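Residues per chain are reported as follows:
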Amino acid sequence: MSDALTLGCPHCHAVNRVSRARLSDAPRCGKCKQPLFTGEPVALTAENFSALVVRSELPVVVDFWAGWCGPCQMMAPIFAQVARELEPRMRFAKLDTEAQQALAGRFGIRSIPTLMVFREGRELARQAGVMQPAQLAQWLRPHLA
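Residues numbered from 1 in each chain as written. Predicted model: local features only at pLDDT ≥ 70, side-chain atom pairs only at ≥ 80, totals over all residues. Heavy atoms only, no water.

An unreviewed UniProt entry lists the protein chain under the name Thioredoxin, with Bisbaumannia pacifica as the source organism. Comment text from UniProt for the protein chain, heading Sequence similarities (unreviewed entry), reads "Belongs to the thioredoxin family." (UniProt positions renumbered as here; feature names shortened; annotations may be inferred.)

Structure, rendered in structure tokens:
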């Protein structure tokens with residue numbers, strides 16, 4: 001296993017190589033110089049999905065949600081809290097299923113919220129429904145980098 005990980009910049013979508021040992025040192029993008037981790041979930045779109053999920057060697061947790069969904073609204077602060085706790089050992093992202101219907105369809109999203117863990121674009125785990133912070137952290141533990 002290489003010491004370096006490939007991950008995309010949430011700002012300019014450039015792909016960066018970052019040493020595993022340096023993940024917690026607030027790495028910045030080599031192209032735009034912005035932080036690679038913000039402590040907040042990144043909004044996914046068709047334009048940035050490849051750079052942030054498919055090309056990422058770091059695990060990416062995606063929350064498939066919609067603005068009209070009550071359980072999604074309940075899950076949002078929990079997801080954000082766990083993102084602050086576990087980044088940069090994994091990236092956290094949100095995909096609005098209303099705005100990104102093609103991507104939601106590509107992954108067969110039938111109920112929301114649905115959480116999926118990806119590494120290099122491959123699905124590693126999937127869970128539908130609201131989880132409490134401790135439950136979510138426990139579910140993610142096997143996938144931490």
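What to know about the side chain of E87
Among the secondary structure elements, E87 is positioned in the loop between α2 (70-86) and β5 (91-96). As a buried residue without a salt bridge, E87 has its nearest oppositely charged side chain in R91, at a separation of 4.7 Å. A distance of 2.9 Å separates the side chain of E87 from the backbone nitrogen of G39, its partner in a polar contact. The residues touching E87, leaving out its near neighbours within four places in the chain, are F37, T38, G39, E40 and F92. (Helix = DSSP H or I, 4+ residues; strand = E, 2+ residues; numbered from the N terminus. Buried < 20%, exposed > 50% of the residue type's maximum accessible area, 1.4 Å probe, protein only. Lys, Arg positive; Asp, Glu negative; His and termini not counted. Salt bridge = Lys/Arg side-chain N within 4 Å of Asp/Glu carboxyl O. Polar contact = N/O pair within 3.5 Å; in protein donor to acceptor, adjacent residues only side chain to side chain. Contact = heavy atoms within 4.5 Å.)

With respect to the pairing of strand β6 (residues 114-119)
For β6, a buried count of 5 out of 6 residues is recorded, marking the element as mostly surrounded by other parts of the structure. Both strand β4 (residues 60-65) and β6 contribute to a ladder of 5 bridges, which runs antiparallel. Paired with D63 across the strands is L115, a residue of β6. Where β6 meets strand β7 (residues 122-128), 6 bridges bridge the pair, whose relative direction is antiparallel. By the bridge assignment, F118 is partnered in β7 with E123. (Pairing = 2+ DSSP bridges.)

Considerations on the packing of aromatic side chains
With the rule as written, the count across this model stands at 5 aromatic pairs. Between F64 and F107, the aromatic rings sit 6.1 Å apart at their centres with planes inclined by 55°, giving tilted as the arrangement. Of this pair, F64 sits in strand β4 while F107 sits in the loop between α3 (101-106) and β6, and the two are 43 residues apart along the sequence. Residue F107 is classed as buried on the basis of its relative accessible area of 13%. Summarising the aromatic geometry, the rings of F107 and F118 are spaced 5.1 Å apart at their centres and angled 70° between planes, so their arrangement reads as edge-to-face. Of this pair, F107 sits in the loop between α3 and β6 while F118 sits in strand β6; the two residues are 11 residues apart in sequence, bridging distant segments of the chain. There is no split in this pair, since F107 and F118 are both buried. (Phe/Tyr/Trp six-rings, centres within 6.5 Å; stacked < 30°, edge-to-face > 60°.)

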